[in-house]
Amino acid sequence: MPTLPTFLLLAALSASAAAPSAAPVPPAPAPVAAGPAASPCDGAWSLTDAPECGDAPLCGQRQRVELACQVRDALEKRYVFLPVKAQLLSRAGGPRFDARRALDACVEGERAVAREDDPTRFYDRMRQCVASFQDGHLELSAPARLPQVALGIGLRRVEGRVYIANVERKLVAYLRTISAVRDLDELLAPGTEVLAVDGRPVGEVLGELARYIPASSDGARLERAVDALTRRDFDYPQRHAATLVLSLGGKRRTLELPWWASPDAESHVMTQAWIRRTGVATTELLDWRYDQGRNSWDRDAGSAQGWLRTDAILGARDAASLREYTDDAGRPAARLGEVVRRRDRAFCYAQLLTFHTENLSSAEGRQPFTAVLQGFLKQCKDKQLDLVLDLRQNGGGYISHSSALVAMLGEGQKAYPGGALLVRANTLNQLVYQQRAPMLGGLPARTDDAFEPRRVAEAIGAARRAHQDYTPTLLEHPVHADGVVGGYDGKVVALTAPTCMSACDRVAALLRASGRAVLVGEPTEGAGGSQQEAQNLAARWTDPEGLVAVSIPNAAMGVQAGLPVDGVRRTDLAAAEFFSGLSFENRPVEPDVPYSPTLRDLAGHNRGWLERVEAVLFGGR
C-alpha cells in the first residue's frame, strides 16, 4: 500500500460557469544573433564550484556548463536539421530561429546559475533548450532514467476543452476507501471537464508544459502536453497534491488529488531531495512500466479504464473480435480483423500502433512484421473488402516497414512515387553505413537500391571530400504492388492524428502523394527526421559521465512529389531541393477529410470516428 499523505481529498462547490482552455505556447524561439561573438563555452574548465555543493549532483556551475557545452557540440556535429532548421520553421510559419544561438543560450543559462540545489531543474532547462528546435525526434533524457509522477487519471483535449478520459483502476479504488468525497467516482468519470489546475486556467498550464516537450508541430506538442498534465518525468510538482477545478453538471467543483511517484523516486540520486521536500508518496498501485527501447516510462493500457488513446474505433463487440499482436518487447503493436456492421457494410480493419518491431506475436506464434500484414491483406483482397488503416497512435519505426506497407496497398500494374532520404555527411554516418554493408568480398552493391549501405557510405565520403553538409538526395524507385498481396483493389481509408509520427508520417505522405488512400482525421506530427545507426554506433549521444542523453536524428526523410519523368530518375537532386520540396519535417501531412475527436468519441468509445469512416466508405453524411 502507498504511504498516505497527511491531507485528505477535499471537494467544494462553486457556481461559476465553465470556460474554454487556451492553446499551449510552443517553445520560445532563440533570439537571432546580431553577429559573431565569443563562445560561452570558452573557459568553462576554469569555472569554480560553490564549496557548499560538495558532491551533490549537478549542483556546481562547472559541471553543468561543461554538460551544456557537450550537448551543443554533439548537436552541431550530428543533428541533420541544424543548418536548415531556421528555414524549416520559417516555412511552417514559425518565428525566426537561430539554431546555434539557441544552443549558446543553453550554455549561458547554466553560467547564470552559480549553484543548483535541485538537479531536476537542470534537466528541465536542458529539455526546454532542446525542445526549442521543435523536433519530435530530438529528445533529451537522463541515462539513469528519472522517476515519473502521476495523478492516476488521464486527460484528453476535445473540442478545445480538457476532459477526464480514463482513470487508473487500482489507485482510484484505494482513494475511494480513504476519501471523504462521496461522489468521487462521478467526479472522476470520463467526460468531466477540467477547468483549472492549482489555481490557473488549464490552458495556461498546458502552455507552460509545452515548453518542455519535443514535437515537430503544435498539434503534436499539444497532445503530449495534455498527457503531461497528469503523468510526466519533468517539471516535478512542488506540492504533494494537485488542486483541480472541475465542471460537473454545470457546477464547479474543487478536488484535491495526491501526486504519486514511481517506487524508485525515494532512492534515485536526482529526486531524493525533491521527495523529502514535497512529501510526494511513492506507490505500486500504478503500473510504472519501463520502455527500455525508448528509455522512458510507459503506461500499461490494461491498468486504466475509460477512453484510451489506443482504443480502436469499433464498438466493444467488434473490437474484442480483432486479433491482437504484440511487438518484440511484448507491447500491443497491431490489431487486425474483419468488421461486419450490417449485411452491406463490411470492411477490414488494421490498427497499427508501431513500425518499430521486426516481428509480431500472437497466440499462433511469432512471425515477421511484413508477413503478418501480407497474409491479412491478401485475405481482405480475396474477400473483396475495403480497408480501414488506423494510424492515429503509430509512433513510427523502421523505414522499410513503411515502404513495404505502401507496396501492399498498391493496385496491380500501377506505380507510385517513392520516398527520399538525405544523410548528414559526417564520419559517424559513414561508419554506420560501412558497418551495415556486406563484408568485403561479398555480393556487389545493388545498383537498383538507392538506400543500399555501400552506396550511401560512398555518397557520404564524396560529400565529405567536397566539404558539404549533406549527401545528394537518395531517391527510392517507384513503388509497385507487393508480390504476395498481388495488388490490392479495395478502397483504403487511413486515419491520422498528430500522434502519427516519423515512419507513420512517411506512410501518410506516401499515400497522399499516390492518391492511394483517403486520409481522414487530423494532420500528422510532421516529424521527418531519422536515426540511422548500427551496432555499437548509436544515434543517441551520451556524455562521458552518463548524466545526459540526447536522441539525435542524423538523416532526413522525404517523399517524392511524383513519378520520374519519362522513367528517368534523377540522381543529382541537391540538399536545397530536398528541404524545399520533399522533406516533411515541420510539415504535417494534411488529411483529405478533416475530423477531430468530439465528446461523442469520448462518451461512445470513438463512435464519431466510426461514423465518419462509414460515411467515406459507404456514403452518407
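To be clear, the structure that these remarks concern was listed above.
First, a word on scope: everything that follows refers to the structure included in this document. (Residues numbered from 1 in each chain as written. Predicted model: local features only at pLDDT ≥ 70, side-chain atom pairs only at ≥ 80, totals over all residues. Heavy atoms only, no water.)

**With respect to the pattern of salt bridges**
Here comes step 1: Within the structure shown, the criterion is met by 43 salt bridges.
Here comes step 2: When the shortest N-O distance is used, the salt bridge between R101 and E108 registers 3.1 Å.
Here comes step 3: Owing to a relative accessible area of 22%, R101 belongs among the partly exposed residues under this scheme.
Here comes step 4: With its nearest N and O atoms 2.6 Å apart, the salt bridge here joins K383 to E338. Taken together, the positions of K383 in the loop between helix 11 (369-382) and strand 21 (386-390) and E338 in strand 17 (residues 332-342) put the pair 45 residues apart, joining distant regions of the chain.
Here comes step 5: The class of E338 is partly exposed, set by a relative accessible area of 34%.
Here comes step 6: Overlapping salt bridges bring together R64, E110, E116, R121 and R125 as one network. (Salt bridge = Lys/Arg side-chain N within 4 Å of Asp/Glu carboxyl O. Buried < 20%, exposed > 50% of the residue type's maximum accessible area, 1.4 Å probe, protein only. Helix = DSSP H or I, 4+ residues; strand = E, 2+ residues; numbered from the N terminus.)

**Some points on the nonpolar core**
Here comes step 1: Grouped together as the largest cluster of nonpolar side chains are 97 residues, with contacts concentrated most on Y123, F133, I153, L188, V548, V550 and F579.
Here comes step 2: Per-element tally for this core: the top contributor is helix 1 (residues 61-78), with seven residues.
Here comes step 3: Setting aside chain neighbours within four positions, we find V550 in contact with V71, L75, L138, E139, L140, A539, R540 and W541. (Core = buried A, V, L, I, M, F, W, Y, C linked by side-chain atoms within 4.5 Å. Contact = heavy atoms within 4.5 Å.)

**Side note on the sheet that holds strand 31 (residues 555-559)**
Here comes step 1: Strand order in the open sheet formed by four strands is 24-23-31-28, and the pairing between neighbours is antiparallel. Only two strands of the sheet have a single partner each, and these edge strands are strand 24 (474-475) and strand 28 (529-530).
Here comes step 2: As paired strands, strand 23 (residues 419-423) and strand 31 are joined by five bridges and run antiparallel to one another. By the bridge assignment, G419 is partnered in strand 31 with V559. (Pairing = 2+ DSSP bridges.)

**Quick look at the state of the cysteines**
Here comes step 1: Inspection of every chain in the model, using the stated rule, returns five disulfides.
Here comes step 2: Paired by a disulfide, C106 and C129 hold their sulfur atoms 1.6 Å apart. The sign of the 95° torsion about the S-S bond sets the C106-C129 disulfide as right-handed. Of the two residues, C106 is situated in helix 3 (residues 99-111) and C129 in helix 4 (residues 119-131); the sequence distance between them amounts to 23 residues. Take C106 and C129: they sit in the same class, and that class is buried.
Here comes step 3: Across the disulfide from C500 sits C504; the S-S distance is 2.0 Å. What sets the handedness of the C500 and C504 disulfide is the S-S torsion sign, and at about -105° it is left-handed.
Here comes step 4: Under the relative-accessibility criterion, C504 is labelled buried at 0%.
Here comes step 5: By sequence order of its bonded cysteines, the protein chain has the disulfide arrangement 1-4, 2-3, 5-6, 7-8, 9-10. (Disulfide = S-S within 2.5 Å.)

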